[in-house]
Amino acid sequence: MSEYYNVADIFGENVFNDTVMKERLPKKVYQKLHKTIEDGTELDLETADIIAHEMKEWAIEQGATHYTHWFQPLTGVTAEKHDSFITAPDSQGKILMSFSGKELIKGEPDASSFPSGGLRATCEARGYTAWDCTSYAFVRHDAAGATLCIPTAFCSYTGEALDQKTPLLRSMQAVNEQSLRLLRLFGNTTSKKVTPSVGPEQEYFLVDKEKYLKRKDLIYTGRTLFGSMPAKGQEMDDHYFGSIRPRIAAFMKDVNEELWKLGVPAKTQHNEVAPAQHEIAPIYETCNLAVDHNHLVMEILKKKANEHGLQCLLHEKPFAGVNGSGKHNNWSITTDDGINMLDPGDTPHDNLQFLLVLTCIMKAIDKHADLLRESASDVGNDHRLGANEAPPAIISMFLGNQLDDVIEQLVSTGTATHSLEGELLKTGVDSLPDLMKDATDRNRTSPFAFTGNKFEFRMVGSQDSISQPNVVLNTIVAEAFKEACDVLENADDFDKALHDLIKKQATEHQRIIFNGDGYSEAWIEEAARRGLPNIPSMVDAIGALTTDKAVKLFEDFGVFTEAELKSRAEVLYENYAKEINIEARAMINIASKSLIPAVIKYITSLAESVNAVKAACDCDISVQTDLLKDCSALLAQAKTALSQLEKVTDAGLEMEDGKARAEYYRDVVKAAMTELRAPIDKLEIIVDKKMWPMPSYGDLIYEV
């Protein structure tokens, strides 16, 4: 492609989107498919055959030879099995290219080979992928050629969801149904569908590929297990929004181009706070598409980084002492005719529909804070949350001055009579325009912040799927809407019942609102006084999935069965132990085979130098001998810590109970890892750089 192109000309060119379907499908077939997408009606096989044929013909025109059911198992990444379009050769040895409706609708991967938390035994292999026609098929071009990718759900032979997509679609149905009930109460008879809209901001690091390949810890675990801070970190804040370096800009250009071709509306890109850290953010999309597209974003960031001699790091905390990466999940609910239910309007104090929606969300977040915290839990995020770079592990809501004032009026007097207005911001420079500033500031320390017409859930980890946070948000809000509608639909006096319900919910759940500094110690004390849960680690959070409250919530709305919840909890406990085990064994391997031998070599060289100086002259060699003693002491400390880590890591493998094993790795193995890292990081500062076998933090984050 030439250097200059029109984005509108390439956007979606590799997507079997609505425009393509309208052009290629017979009118009646297109209408049937559209009805399935909009209303959830079942698609008959004859119609599916026609769609499959046209999809195949279109894909072949794009260069595709294979197709795959592209799905999201509980591994944290996507999965796919490729089949070619060719049929068996005929009697003359010729083949045809075919693709049936049955092949489009249904696939059959091995369910026992993916995490199931005990839902499927090893001998029980059958599982199914089912076409999700609400997410467009696309052709992906890579080293394998061109492949038609069909977004699908993944379930077991016995019907349980084994993926991220199925519960997401269920939760979207739940919030749609209850939102329509709420809208009807206010006389809205025109909106036919309500859909959660999501815009995920994706943070990531880029490092030089050659240096990355010299860091076994990054290769095995995605983060540095050893490393001392360079003289300069992020103290000067000069990287944030700074000028993008040419090598990175070229990478970003290629990322955008491929994303646009795949229909991903990538919009914003910039340098983030930490050196070598960046961000990409899309325009808002329906929840299901946003989740699928975010997986594509992560895949393409890695792919294009490799093509530019770079490595993309999606781990939440690849470098200790440097800002970690998150994924801000911007969430709202919007009708098919363009009404944003989270838009407060110019006078939110008298926008009763908005006030009901707002207080319902307050109730949902307060009641299910533990579930929302769990939805953002992973091993890497434990290093990030509450570390003065991300929201604390305590769930709270930021509403800002304007809405906080409205809620305070409702609680104190029962009626809101006014809303704070924005003021004119005078720049003091004649040539610059005066600006209307918003009625409220923003709060970067809040985990769940209202930002004008949406909520920004800031806790999600950078390498995680955004599916689970949105499953939780959709379902808990659906529950709050349902409970409100149950009251209001049966009220004799609707206006009075509405007024009383808004006041009741605002009063009972005002404790979840916090507009202050979430990083402060005072907030931790205040949150405890309010009775808000403080869940410090992933292992502590997992139990929220299987409480009686959670089981009832998800079963009532058909999002998860109790068996599915228990299986997911088991998968998470197992994954936690496995990831820490991999990190521990990587530390053992790197320390014993690389770092400690390098230190011994340096100490030997230093000792020889000391002896040579002694023999050559009667000089003061106290500096050299002190250095030798310091290195030897740190080496002994490292060797002792290494032996302890080996011992506790092996012991953890013998534990069978998933939760107990996860707790053991969190409390015992991670502590032993810290003990080993401390002396080795000190030694890195002392040992001759030419002898240190791995690139330093400075090499990685500044030499990109």
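Let us look at the structure shown here. Source: prediction; values computed, not measured.

Conventions used here
Residues numbered from 1 in each chain as written. Predicted model: local features only at pLDDT ≥ 70, side-chain atom pairs only at ≥ 80, totals over all residues. Heavy atoms only, no water. Helix = DSSP H or I, 4+ residues; strand = E, 2+ residues; numbered from the N terminus. Contact = heavy atoms within 4.5 Å. Polar contact = N/O pair within 3.5 Å; in protein donor to acceptor, adjacent residues only side chain to side chain. Phe/Tyr/Trp six-rings, centres within 6.5 Å; stacked < 30°, edge-to-face > 60°. Axes fitted to C-alpha atoms, helices over the stretch in contact; angles between N-to-C directions. Parallel < 35°, antiparallel > 145°, perpendicular 65-115°, else oblique. Left-handed = near helix turned anticlockwise from the far one by under 90°. Pairing = 2+ DSSP bridges. Expected span 1.5 Å × (residues − 1). Buried < 20%, exposed > 50% of the residue type's maximum accessible area, 1.4 Å probe, protein only. 1 Å grid on protein atoms, 1.4 Å probe; cavity = no way out; pocket = protein on both sides within 12 Å on 5 of 7 lines; lining within 4 Å. Points joined across faces, edges and corners; volume = space filled by probe spheres on them. Nonpolar A, V, L, I, M, F, W, Y, C, P; charged D, E, K, R; others polar.

The next subject is the environment of Thr134. With respect to the element layout, Thr134 can be found in the loop between strand 5 (127–131) and strand 6 (137–142). Ignoring anything within four residues of it in the chain, the contact list for Thr134 reads Ile37, Leu169, Asn288 and Leu289. Within the structure, Thr134 has its side chain in polar contact with the side chain of Asp132 (distance 2.5 Å). A polar contact is formed between the side chain of Thr134 and the side chain of Asn288, at a distance of 2.8 Å.

One pass over the structure, following the stated rule, counts 20 aromatic pairs. On the basis of an interplanar angle of 65 degrees and a centroid distance of 5.2 Å, the ring pair of Phe450 and Phe455 is categorised as edge-to-face. The interplanar angle of 90 degrees and the centroid separation of 5.9 Å between the aromatic rings of Tyr664 and Tyr665 together place this pair among those described as edge-to-face.

Once that is clear, we can look at the packing of helix 9 (residues 246–261) against helix 10 (residues 287–307). Following both chains from N to C, one finds helix 9 and helix 10 inclined at 135 degrees, their axes separated by 10 Å at the closest point. Here helix 9 lies oblique to helix 10, going by the angle between them. Helix 9 and helix 10 meet at a crossing whose hand is right-handed. On helix 10, the residues touching Phe251, Asp254, Val255, Glu258 and Leu259 of helix 9 are Leu296, Val297, Ile300, Leu301, Lys303, Lys304 and Ala305.

Moving on to the pairing of strand 9 (residues 266–271). As paired elements, strand 9 and strand 10 (residues 277–282) share five bridges and run antiparallel to each other. In the strand pairing of strand 10, Asn271 is matched with His278. What sits between the antiparallel neighbours strand 9 and strand 10 is a turn of five residues, in which Ala276 has the positive phi angle 75 degrees.

In this model helix 9 runs 23 Å from its N-terminal to its C-terminal C-alpha over 16 residues, within 8% of the 22 Å that 1.5 Å per residue would give. Within the sequence span of helix 9, burial applies to Ile248, Phe251, Met252, Val255, Asn256, Glu257, Glu258, Leu259, Trp260 and Lys261. Looking one or two residues past helix 9, Gly263 carries a phi angle of roughly 80 degrees, positive in sign.

The next thing to look at is empty space enclosed by the protein. Under the definition given, this model contains four cavities of 30 Å³ or more. What the largest cavity holds in volume is close to 80 Å³. Lining the largest cavity are 13 residues, with Pro200, Val264, Pro282, Asn294 and Val297 positioned closest to its centre. Among the elements of the structure, strand 8 (194–208), strand 10 and helix 10 are those that each provide at least two residues to the lining of the largest cavity. Broken down by element, the residue count for the lining of the largest cavity peaks at four residues, all from helix 10. Grouping the constituent residues of the lining of the largest cavity by class yields nine nonpolar, three polar and one charged. Taken as a whole, the second largest cavity encloses approximately 60 Å³ of empty space. Taken together, Val15, Trp70, Ser135, Tyr136, Phe138, Pro151, Leu262, Leu289, Asp292, His293 and Leu296 make up the lining of the second largest cavity. In terms of residue count, the dominant contributor to the lining of the second largest cavity is helix 10 (four residues). Tallied by class, the residues present in the lining of the second largest cavity amount to eight nonpolar, two polar and one charged.

This brings us to the packing of helix 11 (residues 352–367) against helix 14 (residues 467–488). Direction vectors running N to C along helix 11 and helix 14 enclose 125 degrees, while the axes themselves pass 9 Å from each other. The orientation of helix 11 relative to helix 14 falls into the category oblique. As for how helix 11 packs across helix 14, the hand of that crossing is right-handed. Contacts between helix 11 and helix 14 pair Leu356, Val357, Cys360, Ile361, Lys363, Ala364, Ile365 and Lys367 from the former with Leu473, Ile476, Val477, Glu479, Ala480, Phe481, Glu483, Ala484 and Leu488 from the latter. Its residues placed into classes, the contact of helix 11 with helix 14 shows 13 nonpolar, no polar and four charged.

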